[in-house]
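The primary structure of each chain is shown beneath.
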Amino acid sequence: MGLLDIYGLRRTPKDQQVKQAEEEEKLEPLPKIGMDELWPPSPRVKLLYIGLGFGLFNFILLGIWVYVMVALR
């Protein structure tokens, strides 16, 4: 067995119990975001705002790159 041999590890009963608990746990869908969560933002909406900010920033950088490529043609 090598140092990084993850498939050669033996499973303990504790690992099997954890696996069974994960299988039994059912996730429910998140409720839709309401207008009252937008401001002040809830933690879920804060993550959404951060993602939208990164997306907007990337589109601005892409627009600048396209403008420079067209201008240097």
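The shown structure was predicted, so the numbers you read here are calculated from the model rather than taken from an experiment.

## What to know about the overall build of the protein
(1) Moving on: Assigned secondary structure in the protein consists of two helices and zero strands.
(2) Moving on: As displayed, the protein has an accessible area near 7700 Å², and 67% of this comes from carbon and sulfur atoms.

## Notes on the environment of Ile33
(1) Moving on: Note that Ile33 resides in the loop between helix 1 (13-24) and helix 2 (43-71).
(2) Moving on: The contacts of Ile33, once residues within four sequence positions are left out, are Leu38, Arg44, Val45 and Leu48.

## Here we look at the environment of Tyr49
(1) Moving on: Topologically, Tyr49 is positioned in helix 2.
(2) Moving on: The sequence separation of Tyr49 and Leu38 amounts to eleven residues, and the corresponding C-alpha distance is 9.4 Å.
(3) Moving on: Beyond its immediate chain neighbours, meaning those up to four positions away, Tyr49 contacts Leu38 and Pro41.

Cut-offs used in this document
Starting from 1, residues in each chain are numbered consecutively following that chain's sequence as written. The model is predicted, so local features are restricted to residues of pLDDT at least 70 and side-chain atom pairs to those at 80 or more, both for listing and for counting; the totals for chains, interfaces and linings are taken over all residues. The basis for every side-chain value is the complete set of non-hydrogen atoms in the structure, without hydrogens or water. By the criteria applied, helices consist of DSSP H or I runs no shorter than four residues and strands consist of E runs no shorter than two, each listed in order from the N terminus. Areas reported here follow the Shrake-Rupley algorithm with a probe of radius 1.4 Å; residue values treat only the protein chains shown as occluding. Two residues form a contact once any of their heavy atoms are found within 4.5 Å.

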